[in-house]
Structures are given as C-alpha cells and as structure tokens.
Amino acid sequence: MAGPQVQPGPAARIVEVAVDAAGAAGNRAFTYHVPPALEPLASGEAVLIDFGRRQALGIVLGEGRASPGIETRPIVDRVRADGPLLPELAMRLAAWVSARYLAPPALTLRAMLPPGMLERLELVAELRPALSSIDDPADAAIVAALENGPRPVRGLAAPEGRAALLRRLRALAVRGAVDLDWTLLAASAGPRWVRWVMPADPAADRSGRPLGPRQQALLEELRSAPPEGVPAPELAARHGASALGGLVRRGLVRVETRESPRRPLAARAPGRRGGRPAGADLSDEQRAAVEAVGAAIEARDPTPLLLDGVTGGGKTAIYVELIDRVLAAGRPALVLVPEIALALPLVDRLRADLDASVALLHSGLSDGERADEWRRVRRDEVDVVVGTRLAVLAPLDNLGLVIVDEEHDGAYKSDRTPRLQARDTAVALGRLAGAAVVLGSATPSVESEGRAREGTYQRRRLPVRLSGTPPAIEVVDLRAELAAGNLGMLSRPLAAALAAIEPPDQAILVINRRGTASVVLCRDCGHVQACPECTRPLVYHQAGATLRCHHCGRASPLATRCPACGSSRIRYLGGGTERVEREVRERFPELRVGRLDRDVVARRGAAERVVDAFADGRLDALVGTSLVTKGLDVPAVTLVGVISADVALNLPDERAAERTYQLLAQAVGRAGRGERPGRAIIQTYQPDHPAIVAIGEGRADAFYDAELELRRQFGSPPFARLLKLTVALPDRDAAEAAGREMVARLRDRAASLGADVQVAGPGPAFIARRADRWRFNVVLRGDDPVRVLGEPPGPPWSVDVDPESLL
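Residues numbered from 1 in each chain as written. Predicted model: local features only at pLDDT ≥ 70, side-chain atom pairs only at ≥ 80, totals over all residues. Heavy atoms only, no water.

Trainee: I'd love a proper account of the sheet that holds strand E19 (residues 472-477), names of residues and values included.
Mentor: Backbone-to-backbone hydrogen bonds pair the strands of a sheet. The strands run either parallel or antiparallel. With respect to topology, six strands assemble into an open sheet ordered E19-E29-E28-E20-E27-E26, the strand pairing being parallel. Two strands lie at the open edges of the sheet, namely E19 and strand E26 (593-596), each paired on one side alone. Geometrically, the sheet is characterised by an average inter-axis angle of 15 degrees between neighbouring strands, direction not taken into account. Judged from the four bridges that link them, strand E20 (residues 506-511) and strand E27 (residues 621-624) form a sheet pairing that is parallel. Residue pairing across strands places Leu 509 opposite Val 623, the latter belonging to E27. Packing against the sheet, helix H16 (residues 577-587) makes contact with E20, E26, E27 and strand E28 (637-644), and its axis sits at approximately 175 degrees to E26. (Pairing = 2+ DSSP bridges. Helix = DSSP H or I, 4+ residues; strand = E, 2+ residues; numbered from the N terminus. Axes fitted to C-alpha atoms, helices over the stretch in contact; angles between N-to-C directions. Contact = heavy atoms within 4.5 Å.)

Now the structure itself:
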C-alpha cells in the first residue's frame, strides 16, 4: 500500500495497479479502489495515483482484492490515452511474463510500449465545443490560447502565477468552458506530422497581383498532382518556401496537417532477393504439416508443433501457406526470427507471395519507426508482425498463428528486464490467444526435442531437401595442419576450395567467436582440461591463476603441460571475423569479400546491405559469425567453411555441445541448395568430439540421445528448471561472502519447503569482473526453483529465470 489509506465506498471496485515510479520497482502491484466517477475503468488504462507523498503514473492490471483490515486509496484520475494502452491479450501476456520471469509489472509493461510513451504525463487543457461567453480578460486570454487546439497547462502563459492559472482553469472547467485531462504526450517517439498542399478556388484571391514564375510553376504542379496533394516540404524544396507561403496567404492553395507514419520498409521495394521462385508445389511432408497446423488454427488449439526438418527442407514455404490460411480466417499472424538480418529476407518473401500488410519490429529501428509500427499494430492495421524477440510483446489482439523460426537460437533469450525467453513466451502467447504455434528448426533445441519425444509438443518432420543435394562434409584436423607448419586461419583444403571459387559460385566462412571467451587447449593432442565431476571444460581465471568449473565451482591449478600427452604447447584459441576477412582478402584478392557480425549489425542498414549484396551475387565470399548460418537461402553457395569449431565447443556451459552441433548443422546446410553440388569443410582440433562426429556422420538422433541423458542426470531442462542469481560488488571477498550467505539461506529454505531443488555455488561468473564489480553466480535447479527463491532479492543481486547460459 502507498501512503495514508482512505476508506472506499461500500461498492467501490478494487483494482491492481502497476506503479511506474522510482521506489515502486518491486515485483508486486499495488491495490487501489476506483471512484464511481471514473467507472468504467478497464485493464490497460493509464491512471494517476497517489504514491507515497507524490503522484505517479500507474497502469491498471485488473481486478484486485484488498487485504482484510487495510484500507485502500482512490485512483486520482484517468489519464487520457485513447483507451487502454494495450489490448486485453497483451495485458494477460504481461501478467504471465511478470510472474514467470520475476519481473516488476511496471517494467514489463514498459517493455511492451513504444519508447518514450510513459515519459511525459501532462495536464492538458482543451476548449469545449459549446463555449459560453467569457467576460473576464484573463479568462479570455486563456481561451484565446486554446483556440488552435489542446495545450499542456505548463505551456500556457501565467502572468498571475501558476497557482492562479490553475484556479482559473478549474473554474472554467466547472463552467463547462474547458476540459482538463491528464494526458500521455509522446516524447521522442511521437507521431510525425507533415503539411500537405492542395489547390484552392482561384476566386479566393482578390489581390489582383500577378503571380511570380515560381508560384506559377508550383500551381501547375499541383493541378497535375494526385487529389491528396503534395507534401509541403517537397514543394518548398523545389519552388521555395516564400512562393508557397505567398500562395497560402492569398488563398490559392490550402494546407492540411496529416500524420506521416515512418515506415521501415518504405524504401525497400517488394520482391524476392536470392530466394527460390514462387509457385513451387508443396511436397507431401510439407502438405501434411500445413494441414496439421491448419486444423489447429480452426480449432484454436495452441499445442506447439515442432517443424523439424533438414536445412533446405522448405519450412519457409510452409510458413507462407499457413499465414495465408490464418489471414483468410480474419486473424493476424506473428513471426519471430532470431536476428535482425533474418527479418528482411522473410519480409521480402511475405510481401512477394501474399497481399498482406507487414509490420517490422526489431531493436535496429529508430525510436520513431518502432513507435509508428507499434501504433499500426495497436490499431489493427497490419496482417503480419515480423520481428526479433521484442516482437513477441507486440500489442496484437485476436492472434491466430505464432511462428518461431530457428526456435533453437540463443538470441531469443533477453538479457534485460524482463529477461524473457521469447520462444517460451510465444508458446504462452499462443495458449492465451488460442492460436496455433509452430516452432521451426533444422536443429531443434534439446528442450524442444525432449518435449516432442514425450508428447508435449506435436512434431512434423521434413527429412528431404526440396532442391539440391546434401553437401559433402570434410573434417580437417588442425593438429595435422600445425604439424605441417600451417599457422594461418585457413587449412590447406579450405584454401584450395576457396581458390577454386568462380562466379556464380559463392562461399560462406563461419567463425563463431563468442565475446572474448578463451579455451585452454593442447595444440598437439586437442585435449581440453575438464572438471572431473561435471565433465565440463574448465575456464582460466586470471585472478588467482586458477581453472574453475562454472557448473559446480571446483577449482584446479593451471597446468603448464597437457595432462593427456605431456606437451607444453597449451594455448588459448583466438582470432575472429576481421582476421579471417583480412586473410581471405590478402590470399585471394580476386574474391569480393563481405563480413557479417555484431559490429556490422550495429551500424544502421549495414546488415541489410551485406545480405542483399550476397543474395544478389555481388559478393563471392561472406565471412561471419553464427549470423551467416541462419536463414540464408542462396542457391549459388557451393562452399561452406567452418574456421574453428572449438571455441564454442569448449565453453564451460552445459549447452556448449548443443550450440556447436546446431551451428555446424546450420552452417553445413547453407551449401548445395542449387543445381551445383555443395561442399562443407569443418576445421577442428577435436575431430572425435561427439558433436562433430554427429555432423560428419549424420547421426542427429544419437547426439540428442546423449544430450538428453546428460540433462536428465544433471537435472537440467527439459527435465527441470534453472534459476541463476548473480551478485556484483566492488570487493571480491564481499561478493563471494554474499554468495555463500545466499546459498546457505536458499538451502535452508529448500529443506523447510521439502522442495527437490539443488543450490550450487557460489562460482565466479565467466567474466568475473565487469564495470569494476566482482560477480559470482548461484544456480538453483529443480522442479520449482522460483518457489524456493521466494521474493527476489534486490541490488546487488540480479535474477535470471530459465537462463540461456550459466556462465
């Protein structure tokens, strides 16, 4: 409760309110009652409330219940925002996200709204249509200031002072002369307005003066313009602002101010880029998948369907067919992709194949573009929303279909509050909306594979490529390359294959350099030091010069010689995309080389340009991180080279082998999609690792069998849930001590609840020191770790439910 309590009336309605104010960021809502004058008040509406000794903005979550013996305070006023900020479906999803990921309700709702929407709460004055006569000069001045439209009160002149101005405005409101409303005024993400110019009646000009040459040219252009007119900035640029202004003053043209939405796709012409031609018939397997999901759309059955097929098996064609079906049923669709660079090829396909209005939502848009796209979705003006993980929070209503492409991808996990997993959130959204849910991947996550095996998910397989043939796979042992004196990033087989590339053939080179992670590895035998308890790779920590297990916290001294073969050639894996790009350019100057990684994606429009250039055949080779292994369907690619499979493989995380297998399978699948045969070359120091053997021999089921068995032994998803707590303090010893105290408290609580939850730690985070703070992790695993945690701890702790990584 907030501040002194006020007794509600006997029939007062109690509601839960998310308070958007400093000091209200706890994982709870606050209870208020609704004065009769504010009814009806719906969930999702913005309200003004008393919170402590100040007033704050709140959002109504839904019906509430007052605790016995505690009186509630009334909601002060409704905030004008053209109805609820979010539709009912989005409000129910917000409640699920907040509860699932222990996120404050207000922060969850902020994530669902466009940037800046909650930043400016203003008291706005507006003239009433039926205005009585005003005799007082001061009141008349206020009325005159409002004749051109509503104005924020703080923007009105106050010669008598602010208090006197407010008294006069309230008196005018009582007389029915003005309306006073608390209103959310958009900040930087507000609508963009543009003046449009149209010709007027020539008889309106009584000046008798001749027109100048520029004015005559401007009027001539308007006579041949479309009926809606021409934007004023364009006319002013061509004919001069003075010419336009003179015509306006003489009444020869009229001007209207209209909203001009910012469209991310406005400059991108519809059409396919590097993909397959339209009109191809669906295979029997594709048709079976379409019919299964089509039945789910009709029955409003939200049971997820795992679309599990080889790369090039035709998942995108199924998506297009399903979207066509759901649009025919009058319901919109949501399509999630893991990366911004993958959104555009899919949008191109939808715009080329379907007569549909598509909205694009991702973090690479400007605030204004995101806000305008959000408003289009909120007004039900779009048929399909395509975007990255933040698109799962789009304000959709009556949703009919949810598609999560490349559902296995780690990019679906958010690293900011709310730390949601977009794939799992999409499954929950389908359940709340009664929408069909499709999870597509050539390499399903181990969690989804497990749920499909146990029957929680349906499954449809696409076992055959629709075009081309599976590429020939060659595994290159980098130990032999070193023995032969090759110290470069490119092995001899890969260099020879690149030398043979001639247009129109193209190549993709992948190096999955994740952050600054280093793995301690013997370059003679490929041995990686692992924890004897967990079999997970040990990580070098400079502080204390020790190797630590990030699974159980076990510490070991750093070996100066390889424990397996005695070699002293123990090294850290290194190198990245820029080094590979440089080496390829130097060794093969005739090749046109492009790069796609996080640095490129961060530059506005750069990823789009690189992908389009590669798809259109203007690049011969594309070097990149895992980004280049996802969603690129370019038939001219005949060669894929994986520079190093070992960096991701040996990260000290229980998903390391899974991520490596998925990366390699996705990368290999880019080759040989056209008429010419494909070839994939995988470079590694560990050719006998199960993940690499599974790729080379095509033994996916054996790999999943082994991973699921490990997950079962460790109590990891899908057999249990994980929760990670991280403490960050300037003093290392204090941070570790806080971790030990937390572990002791949680173990006691788990014992008292009789919960089957293990508490491990504290262990140093993979990046042990960040922003001058030492970081330690505590990990809970079991059926319900959230119940054991109870109320989430505040700073210096952070909470990550269902973490993607335990690093």
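Trainee: Describe the pattern of salt bridges, naming the residues involved and giving the relevant values.
Mentor: For the structure shown, the criterion picks out 48 salt bridges. Residue Glu 39 pairs with Arg 13 through a salt bridge whose shortest N-O separation is 2.9 Å. Taken together, the residues Glu 39 in the loop between strand E2 (30-34) and strand E3 (46-51) and Arg 13 in strand E1 (residues 13-20) connect sequence positions 26 residues apart. A salt bridge links Asp 802 to Arg 721; the shortest N-O distance between them is 3.3 Å. With Asp 802 in the segment after strand E33 (797-801) and Arg 721 in strand E30 (residues 721-729), this pair connects stretches of sequence that are 81 residues apart. Judged by its relative accessible area of 12%, Asp 802 falls in the buried class. (Salt bridge = Lys/Arg side-chain N within 4 Å of Asp/Glu carboxyl O. Buried < 20%, exposed > 50% of the residue type's maximum accessible area, 1.4 Å probe, protein only.)

Trainee: Please provide a residue-by-residue account of the packing of aromatic side chains, values included.
Mentor: Taken as a whole and judged by the stated rule, the model has five aromatic pairs. Ring geometry for Phe 30 versus Phe 51: centroids 5.1 Å apart, planes at 85 degrees, classification edge-to-face. Of this pair, Phe 30 sits in strand E2 while Phe 51 sits in strand E3; the two residues are 21 residues apart in sequence, bridging distant segments of the chain. Like Phe 51, Phe 30 is buried. Centroid distance Tyr 661 to Phe 703: 4.5 Å. Interplanar angle 20 degrees. Geometry classified as stacked. A residue pair is termed long-range when its members are at least 10 positions apart, and Tyr 661 in helix H20 (residues 656-668) and Phe 703 in helix H22 (residues 700-714) qualify at 42 residues. Owing to a relative accessible area of 5%, Phe 703 belongs among the buried residues under this scheme. Looking at Arg 28, its charged tip hangs above the ring of Phe 30, at a distance of 4.3 Å from the centre. Sitting over the ring of Trp 774, Arg 732 keeps its end group 5.7 Å from the ring centre. (Phe/Tyr/Trp six-rings, centres within 6.5 Å; stacked < 30°, edge-to-face > 60°. Lys NZ or Arg CZ within 6 Å of the ring centre and 35° of its normal.)

Trainee: Give me the environment of Gln 506: which residues, what numbers.
Mentor: Among the secondary structure elements, Gln 506 is positioned in strand E20. In this structure, the C-alpha to C-alpha distance between Gln 506 and Val 637, residues 131 residues apart in sequence, is 4.5 Å. Beyond its immediate chain neighbours, meaning those up to four positions away, Gln 506 contacts Ile 501, Phe 614, Gly 617, Leu 619, Asp 620, Val 634, Ala 636, Val 637, Thr 638 and Leu 639. A polar atom in the side chain of Gln 506 sits 2.8 Å from the backbone oxygen of Phe 614. (Polar contact = N/O pair within 3.5 Å; in protein donor to acceptor, adjacent residues only side chain to side chain.)

Trainee: Quick rundown of helix H1 (residues 88-100)? Include the residues and the values.
Mentor: Taking 1.5 Å of rise per residue, the 13 residues of H1 would be expected to cover 18 Å, and the 18 Å separating its terminal C-alpha atoms lies within 8% of that figure. Those residues of H1 not exposed but buried are Leu 89, Ala 90, Met 91, Leu 93, Ala 94, Val 97 and Ser 98. Buried-residue contacts for H1 involve strand E4 (54-63), helix H2 (105-112) and helix H12 (422-433). Phi turns positive, to about 55 degrees, at Leu 102, one or two residues after H1. (Expected span 1.5 Å × (residues − 1).)

Trainee: Outline H20, listing residues and values.
Mentor: Compared with an ideal rise of 1.5 Å per residue, which puts 13 residues at 18 Å, H20 spans 18 Å between its outermost C-alpha atoms and is within 8% of the ideal. In terms of residue burial, H20 counts as a mostly covered element, since 12 of its 13 residues are buried. By the burial criterion, the buried members of H20 are Ala 656, Ala 657, Glu 658, Thr 660, Tyr 661, Gln 662, Leu 663, Leu 664, Ala 665, Gln 666, Ala 667 and Val 668.

Functional significance is not addressed by these values, which are geometric in nature.
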